[in-house]
Amino acid sequence: MLKRVVIVVSVAVSAALAGHRLIPALGGFTPVLESLLPWMGLAVPLLLAFAAVARSTGAVAAALLPGLIWAVMFGSTLLRTPPGGPSDLAVGTVNVGVTNNASGEAVRAIAKDLDLLAAQELTRGGPAAKQLNKMFKHHYAVSTVGLWSRYPLSETKPLDVGMGWPRALRAVVTTPKGKVTVYVMHLASARPGHTTSRDVSLARARELVDADPSKRILLLGDLNTATTDRGMSGLTPPLTDAQSEAGDGFGFTWPAEFPITRPDHILHRGMTATEAGVAPATGSDHRAAIASLRF
């Protein structure tokens, strides 16, 4: 009986890993499952242990199958070496937490070495905004999102990403090496069984990117969409994920205490990521995503 259980579970895990794109959305449950795909690898050592107890070579072979599939899917993520080298722009994005009284301390630590910082869940006039105004000469904020820059901003405007109110913005940053069009977004939340609003805002984000002729584009923000979520296929491509290009590991950012997924993203076009990673954000339930880019 144990042998059969190991084989059945191994086949189920393998099918979920290899064929998750073929599983219907099921009202939003499957995209949430996709957000946790990297963690399915933890099933392999457990299956191998039970196969050993069952003393079955067939069960061992079955347990190795999801391990092989996981290695093909995610092995390069753990073995990746960031390209490094010179960079022209250091950027970051952080959801500071709307009730975070320590948000000023959080952004001070994150932003000290950055040229651009995008923030979400801002409180107008709150500690995060006050601290960033001291650190950066240029800024533009809309509702609960904002962008702070060491370089001049122009062509700023608020954006509605399908939520009925502006929770995104667009700005052009003029750096010493050239201009970069920056989008800061906080897309609609996704919950098991409730991803419709998030999917609408993702589609709107893609429309904005497709319609933008800019040579260089940065999209920073809390997209409420994991790297492995099928929803990200609408943005990567045409954009490139800095963490997937130059990060060390998965770069999980949420929840802060023990991150299991990555809703916070740095996506780009017309540049090359040289480094990417994650930074702590005091008091927030998110960690910050950071990256360096070369024009």
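Residues numbered from 1 in each chain as written. Predicted model: local features only at pLDDT ≥ 70, side-chain atom pairs only at ≥ 80, totals over all residues. Heavy atoms only, no water.

Caption draft 1: Molecular detail of the pattern of salt bridges. Going through the model one piece at a time under the given rule, you end up with 8 salt bridges. Put simply, glutamate 34 and arginine 230 hold a salt bridge, and the shortest N to O gap is 3.0 Å. Placement of the pair is glutamate 34 in helix 2 (residues 29-35) and arginine 230 in the loop between strand 8 (217-222) and strand 9 (240-241), with a sequence separation of 196 residues. Here aspartate 210 makes a salt bridge to arginine 206, at a shortest N to O gap of 2.8 Å. With aspartate 210 and arginine 206 both in helix 7 (residues 196-211) and 4 residues apart, this pair spans about one turn of that helix. Take aspartate 210: its relative accessible area is 46%, and that puts it in the partly exposed class. (Salt bridge = Lys/Arg side-chain N within 4 Å of Asp/Glu carboxyl O. Helix = DSSP H or I, 4+ residues; strand = E, 2+ residues; numbered from the N terminus. Buried < 20%, exposed > 50% of the residue type's maximum accessible area, 1.4 Å probe, protein only.)

Caption draft 2: Representation of the packing of aromatic side chains in the model. Taken as a whole and judged by the stated rule, the model has 5 aromatic pairs. Both rings, one in tryptophan 39 and one in phenylalanine 252, keep their centres 5.7 Å apart while their planes meet at 25°; by these two values the pair is stacked. With tryptophan 39 in the loop between helix 2 and helix 3 (43-54) and phenylalanine 252 in the loop between helix 8 (242-246) and strand 10 (264-269), this residue pair connects regions lying 213 residues apart in the sequence. Between tryptophan 70 and phenylalanine 74 the ring centres are 5.6 Å apart and the planes differ by 55°, which places this aromatic pair in the tilted class. Note that tryptophan 70 and phenylalanine 74 are positioned in helix 4 (residues 57-79) at a spacing of 4 residues, about one turn of the helix. The pair formed by tryptophan 70 and phenylalanine 74 is uniform in burial state, with each residue classed as buried. (Phe/Tyr/Trp six-rings, centres within 6.5 Å; stacked < 30°, edge-to-face > 60°.)

Caption draft 3: Representation of the sheet that holds strand 11 (residues 272-279) within the structure. With mixed pairing, 6 strands are arranged side by side in an open sheet as 3-4-2-1-12-11. Among the strands making up the open sheet, the edge pair consists of strand 3 (138-142) and strand 11. In this sheet, neighbouring strand axes are inclined to one another by 15° on average, regardless of whether the strands run parallel or antiparallel. With 7 bridges connecting them, strand 11 and strand 12 (residues 288-294) associate as antiparallel partners. Bridge pairing links alanine 273 to leucine 293 in strand 12. (Pairing = 2+ DSSP bridges. Axes fitted to C-alpha atoms, helices over the stretch in contact; angles between N-to-C directions.)

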